[in-house]
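Secondary and tertiary structure notes
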Amino acid sequence: MQGTRIAIVVVVLIGLAFGIGAYTFIYAKGASYLTTDPAACANCHVMQEHFDAWQKSSHRNVATCSDCHMPHDLVGKYTEKATNGFLHSLAFTTGRFPDPIQIRPVNRAVTEAQCRHCHATITEAIEWGTVGADRHEAGPAAHRAAGARPQVHDGIIEGDRLSCIRCHTYVGHWVR
């Protein structure tokens, strides 16, 4: 008798958890986050302004939110989507997020890598301070030490690398 009651309670609790989870997934348009549709990013009202700005940006016709904010490999992309989805849901449910929203360091690194991926020929030339076969033999400091003329991007260092998004933060969506 006692075992039957416990089993019923467990089944009811599992059913409630599944029901609430399914309702939340449907209400929050969870399936849309499995796509690369930029409109999915605007499901949250705090992202609407970013989505609107992206629609007017230079990247609108060439890059989606996922192209800039998610790794390009399948596992990395969906791992990042799941992590961000959980953290965003938690933040928006509890109301604990900065206003205006701010990018986390791990997401900033992903975005920086995506800039470099899509603009590789430009970023490599800037990073190494020269265009030619020897650019991979030494880094920017060696080229400057060797008397190479100063570059526009000299001194724009974040950590130990030049940072694209330090100056080009608003290229994809101009929101301040």
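Residues numbered from 1 in each chain as written. Predicted model: local features only at pLDDT ≥ 70, side-chain atom pairs only at ≥ 80, totals over all residues. Heavy atoms only, no water.

**Some words on the side chain of Thr 123**
- Inspection of the secondary structure assignment puts Thr 123 in helix α6 (residues 120-128).
- Note on Thr 123: relative accessible area 10%, which makes it buried.
- In terms of polar contacts, Thr 123 uses its side chain to reach the backbone carbonyl oxygen of Ala 120, at 3.4 Å.
- Those residues within four positions of Thr 123 in sequence are excluded, and the remaining contacts are Cys 115, Arg 116 and Cys 164. (Helix = DSSP H or I, 4+ residues; strand = E, 2+ residues; numbered from the N terminus. Buried < 20%, exposed > 50% of the residue type's maximum accessible area, 1.4 Å probe, protein only. Polar contact = N/O pair within 3.5 Å; in protein donor to acceptor, adjacent residues only side chain to side chain. Contact = heavy atoms within 4.5 Å.)

**A few points about helix α4 (residues 74-94)**
- The first and last C-alpha atoms of α4 sit 30 Å apart over 21 residues, in line with the 30 Å expected at 1.5 Å per residue.
- Gly 76, Lys 77, Glu 80, Lys 81, Asn 84 and Ala 91 are the residues of α4 that are buried. The arc that holds the buried residues of α4, viewed along the axis, is 125°, so those residues lie on one side. Residues of α4 that are exposed and angled more than 90 degrees away from the buried face: Leu 74, Val 75, Phe 86 and Thr 93.
- Elements in contact with the buried residues of α4: α3 (65-69) and α5 (105-118).
- Following α4 by one or two positions, Gly 95 has its phi on the positive side, about 75°. (Expected span 1.5 Å × (residues − 1). Arc of directions from axis to C-beta.)

**Notes on the packing of aromatic side chains**
- As enumerated under the stated definition, the model contains two aromatic pairs in all.
- A centroid spacing of 5.9 Å and a plane angle of 15° characterise the contact between Tyr 23 and Tyr 27, whose relative ring orientation is stacked. One end of the pair, Tyr 23, and the other, Tyr 27, are both in helix α1 (residues 2-27), four residues apart, so they sit about a helical turn from each other.
- For Tyr 27, a relative accessible area of 63% puts it in the exposed group. (Phe/Tyr/Trp six-rings, centres within 6.5 Å; stacked < 30°, edge-to-face > 60°.)

**Things to note about the pattern of salt bridges**
- What the rule picks out here adds up to one salt bridge.
- Glu 112 is the partner of Arg 116 in a salt bridge, and the nearest nitrogen-oxygen pair spans 3.2 Å. Of this pair, Arg 116 and Glu 112 are both found in helix α5, four residues apart, which corresponds to roughly one turn of the helix.
- Taking the relative accessible area as the measure of exposure, Glu 112 reaches 11% and is therefore buried. (Salt bridge = Lys/Arg side-chain N within 4 Å of Asp/Glu carboxyl O.)

**Some words on the environment of Met 70**
- The topology assignment puts Met 70 in the loop between α3 and α4.
- C-alpha separation for the pair Met 70 and Thr 111, spaced 41 residues apart in sequence, amounts to 7.2 Å.
- In this structure, Met 70 is in contact with Cys 65, Lys 77, Glu 80, Lys 81, Asn 84, Val 110 and Gln 114, ignoring residues within four places of it in sequence.

**Quick look at helix α2 (residues 48-55)**
- Of the residues making up α2, those classed as buried are His 50, Phe 51, Ala 53 and Trp 54. An end-on view of α2 places all buried positions within 165° of arc, on one side of the element.

**Focus on a nonpolar patch on the surface**
- On the surface, Ile 8, Val 9, Val 12, Leu 13, Leu 16 and Ile 20 cluster together into a nonpolar patch covering about 560 Å² of accessible area.
- Looking at the secondary structure, you find Ile 8 in helix α1. (Patch = residues over 30% accessible without salt bridge, like charges linked within 9 Å, V, L, I, M, F, W, Y side chains within 5 Å. Areas by Shrake-Rupley, 256 points an atom, 1.4 Å probe, with all protein chains shown as cover.)

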